[in-house]
Amino acid sequence: MFIAYSLIIILAFSIFGLLIMNNYKDMRIKNVRVRLFQTANIVADTYKANMEDIVSAKFMVKSYGQQSDSRILIIDIDGNVLIDNHNTFVGQTLDNHEIREGLGGRSSSSIYTMNGEEVLHISVPITKTDGLETRIIGAVLISSSMSSLNQDIGELRDGMFKIAISALIVSLALAAILANRITEPLRILSHGVARLSSGDLGFSIEKGGEDEIGQLIQSFNDMSHKLHSIEHNRKVFINSISHELRTPLTSIRALIDSLLIDDSPPSVYREYMKDIYGETERMEGLVHYLTTSIKLEDIVLDLKTHDINEILQDAIDFMNPYAKKMGVEIQFAGTGPSMVECDRSRIKEVLFNLIDNSIKYRDARETNSYVLVESKALEDHILIDIEDNGLGIDKDDIPNIFEGGFRVLDRTILKTNGVKGYGIGLAIVKNILDKHNWAISVESSLGLGSRFTITIPI
Ligand code: ADP
């Protein structure tokens, strides 16, 4: 690539230089030609006026020849040289294109190469007017060597060549530095892509600057870290799922093993089968959790501005008939509209889950079961509390309840006498709130009740 750029630069320089040189030479020749034509016309006019005085005519030709650094011949109508400022051709008859043109009444000029040297020939006719008649009596031929002009041009060409070479070296060096500056980060980037595709997730490239390539490197690093954390989460996920699956499978296997060892009475079979049934339910719960969380991974929120109090009221209205049936009273305390950006149906799902839990885990001995839903708009956030006077949660279980915790499900649900659940509701709640960048926390004491608090930043 760099070689191609260099060749283009060299070619451009050469063409440019050649054009300038040619134009300059043409211009210089034109100037000389104009000057010599002027001299020739003056010589012709002066000769015509002093034809009879051959001595002063010769003197005049000599002096113009010196002035213009050229050879001047005066030729009569038959082609005989009458005056030559170098004296060598006097008396000789000459014939060439310029002389014929001049004697034919036309001015003309040509460049010839003689003994390897360029010579400019120009000729003008000498005319004489007698009364009305004008006749040609001869011609002025001027020959001027172009060697000094060519020498000038040669020197200029050498100067230009030196400048061009220096400019070329500088521009090639600049192009090389520039090309390297552009391709170096791209090379590093492609090395990074190769590392990433070979499985080195999380590999990052040192950021060079704030330009487009710097931004590209930043995006690459972000992507690499994201891939790394996805991979890490996947491993943790698979690890914990296999762990969770292994527990019920080991129990089922142990139960079946002990049934196979000896002939147990039907009552023992029934007892063991119940346990096996319990374990399969646990596995069913796990699979349900898996499919739900995979679906949640893909959700795209439909974010719009809503009044959170209106959503709370909607959710309460929906849950009220069920709550009444279960003997639980839902109370609502919220003031004025509190506008938030959220996916309305997902947030309703969150509220259904939390209110449903408060109803589900009510204390059966409590005569006055209630769920209090309250929203408070503070300076830079809104708080939503869902409080109940139900069974409460063991403080050891609290850290796990948002994790899709099957162990919580084991201990709590079995204690609460057959309340069905898979231990995934709160995991879904957390997931949806995380996607909104909202937080959830819980305070609870066994036998007293629980308060779930959602914090919405505004
Ligand atoms: P599920 O209700 O399907 O079991 P959740 O994820 O909704 O699953 O809840 C996880 C666990 O947290 C429940 O099994 C229960 O032990 C406990 N829990 C949640 N909400 C409450 C509540 N309001 N009162 C008492 N315990 C609760």
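Keep in mind that this is a model prediction, so the values were computed, not measured. (Residues numbered from 1 in each chain as written. Predicted model: local features only at pLDDT ≥ 70, side-chain atom pairs only at ≥ 80, totals over all residues. Heavy atoms only, no water.)

When helices and strands are tallied, the protein shows ten helices and twelve strands. Scaling as 2.2 N^0.38, a compact globule of 458 residues should have a C-alpha radius of gyration of about 23 Å, whereas the protein reaches 54 Å, well beyond that. Pairs at least 24 residues apart make up 65% of the contacts formed inside the protein by residues separated by at least 6 positions. Positive and negative side-chain charges in the protein, numbering 46 and 62 respectively, have mean positions lying 3 Å apart. (Helix = DSSP H or I, 4+ residues; strand = E, 2+ residues; numbered from the N terminus. Rg over C-alpha atoms; globule rule 2.2 N^0.38 Å. Contact = heavy atoms within 4.5 Å. Lys, Arg positive; Asp, Glu negative; His and termini not counted. Charge placed at Lys NZ, Arg CZ, Asp CG, Glu CD.)

With respect to the element layout, V429 can be found in helix α10 (residues 425–436). Sequence spacing of V429 and F352 is 77 residues, and the spatial spacing of their C-alpha atoms is 9.6 Å. Those residues in contact with V429 that lie beyond four places of it in its chain are V350, N353, L354 and I440.

Another aspect to go through is the sheet that holds strand β2 (residues 81–84). Pairing is antiparallel in the open sheet, where five strands are placed in the order β2-β1-β5-β4-β3. Where the open sheet ends on each side, the last strands, each with one partner, are β2 and β3 (108–114). Sheet twist, expressed as the average angle between the axes of neighbouring strands with direction ignored, equals 25°. (Pairing = 2+ DSSP bridges. Axes fitted to C-alpha atoms, helices over the stretch in contact; angles between N-to-C directions.)

For the protein, the assigned domains read domain 1 (2–154), domain 2 (212–294) and domain 3 (300–457). Using C-alpha coordinates to define each centre, domain 2 is positioned 26 Å away from domain 3. (Domains from an automatic or database assignment.)

Moving on to unusual backbone geometry. The phi dihedral of D69 falls on the positive side, at around 50°, and the residue is not glycine. By the secondary structure assignment, D69 is in the loop between α2 (54–67) and β1 (71–76). Judged by its relative accessible area of 63%, D69 falls in the exposed class. (Buried < 20%, exposed > 50% of the residue type's maximum accessible area, 1.4 Å probe, protein only.)

What follows is about a nonpolar patch on the surface. Taken together, the side chains of L178, I182, L186 and L216 make up a nonpolar region of the molecular surface, amounting to roughly 360 Å² of accessible area. Looking at the element boundaries, I182 is found in helix α4 (residues 147–197). (Patch = residues over 30% accessible without salt bridge, like charges linked within 9 Å, V, L, I, M, F, W, Y side chains within 5 Å. Areas by Shrake-Rupley, 256 points an atom, 1.4 Å probe, with all protein chains shown as cover. Salt bridge = Lys/Arg side-chain N within 4 Å of Asp/Glu carboxyl O.)

So, on to the pattern of salt bridges. Taken as a whole and assessed by the stated rule, the structure comprises 20 salt bridges. Between E101 and R106 there is a salt bridge, and its shortest N-O distance comes to 3.0 Å. Residue classification places R106 among the partly exposed residues on the basis of a relative accessible area of 44%. Across the salt bridge formed by R365 and D363, the nearest N and O atoms sit 3.1 Å from each other. The class for R365 is exposed, based on a relative accessible area of 69%.

What follows concerns the packing of aromatic side chains. Per the counting criterion, the structure on display carries two aromatic pairs. With a centroid separation of 6.3 Å and an interplanar angle of 90°, the aromatic rings of F402 and F452 are classed as edge-to-face. Pair noted here: F402 is in the loop between β10 (381–388) and α9 (406–415) and F452 is in strand β12 (residues 449–457), with a separation of 50 residues, a long-range link. We note that F402, like F452, is buried. (Phe/Tyr/Trp six-rings, centres within 6.5 Å; stacked < 30°, edge-to-face > 60°.)

Residues I308, L354, W438, F452 and I454 are the most contacted members of the largest nonpolar core, which totals 43 residues. The element best represented in this core is helix α7 (residues 308–325), accounting for seven residues. Residue contributions to this core reach at least three from each of two domains, namely domain 2 (212–294) and domain 3 (300–457). Sequence-distant contacts of F452, defined by excluding residues within four places in its chain, comprise L354, I384, D385, I386, I393, I401, F402, L426, I440, S441 and V442. V61, I122, V124 and I137 belong to the second-largest nonpolar core, a separate cluster that totals 24 residues. (Core = buried A, V, L, I, M, F, W, Y, C linked by side-chain atoms within 4.5 Å.)

A word on the packing of α4 against helix α5 (residues 212–261). Between α4 and α5, the shortest axis-to-axis distance is 11 Å and the interhelical angle comes to 10°. Considering their axes alone, α4 and α5 lie roughly parallel with respect to each other. Residues I182, P185, L186, L189, G192, V193 and L196 of α4 pack against I213, L216, I217, F220, M223, S224 and L227 of α5. Residue composition of the contact of α4 with α5, by class: twelve nonpolar, two polar and no charged. (Parallel < 35°, antiparallel > 145°, perpendicular 65-115°, else oblique. Nonpolar A, V, L, I, M, F, W, Y, C, P; charged D, E, K, R; others polar.)

On to the packing of α7 against helix α8 (residues 344–360), then. Each pair of packed helices gets described by two things: the angle between the helix axes and the distance between those axes. Closest axis-to-axis distance for the α7/α8 pair is 9 Å, and the angle between their directions is 40°. The angle between α7 and α8 falls in the class oblique. Crossing handedness for the pair α7 and α8: right-handed. Two secondary-structure elements touch here, α7 through I308, E310, I311, L312, D314, A315, I316, F318, M319, Y322 and A323 and α8 through R344, I347, K348, L351, F352, I355, D356 and I359. (Left-handed = near helix turned anticlockwise from the far one by under 90°.)

Let us now look at α7. It helps to recall that an α-helix has 3.6 residues per turn; residues three or four apart then point in one direction. Here α7 contains 18 residues, and its C-alpha end-to-end distance of 26 Å stays within 8% of the 26 Å for a straight helix at 1.5 Å per residue. For α7, the principal kink sits at M319 and spans about 45°; a proline, P321, occurs within the next four residues. Taken residue by residue, α7 has I308, N309, I311, L312, A315, I316, M319 and A323 as its buried positions. Where α7 begins, the side chain of D307 points an oxygen toward the backbone nitrogen of N309, at a separation of 3.1 Å. Once α7 finishes, G327 follows within two positions and takes phi at roughly 75°, a positive value. (Expected span 1.5 Å × (residues − 1). Bend = angle between axes of the 7 residues up to and from the residue. Polar contact = N/O pair within 3.5 Å; in protein donor to acceptor, adjacent residues only side chain to side chain.)

Pairing is mixed across the open sheet formed by five strands, whose spatial order is β7-β9-β10-β12-β11. The sheet terminates laterally at β7 (329–334) and β11 (439–445), the two strands that pair on one side only. Strand after strand, the sheet turns through a mean of 15° between neighbouring axes, direction not considered. Sheet topology note: the strand β9 (residues 370–377)/β10 ladder contains seven bridges and is antiparallel. Paired with A377 across the two strands is I382, which belongs to β10. This element, α7, spans β7, β9, β10 and β12 of the sheet and lies at about 170° to β7. Along the sheet, α10 makes contact with β11 and β12, crossing β11 at roughly 145°.

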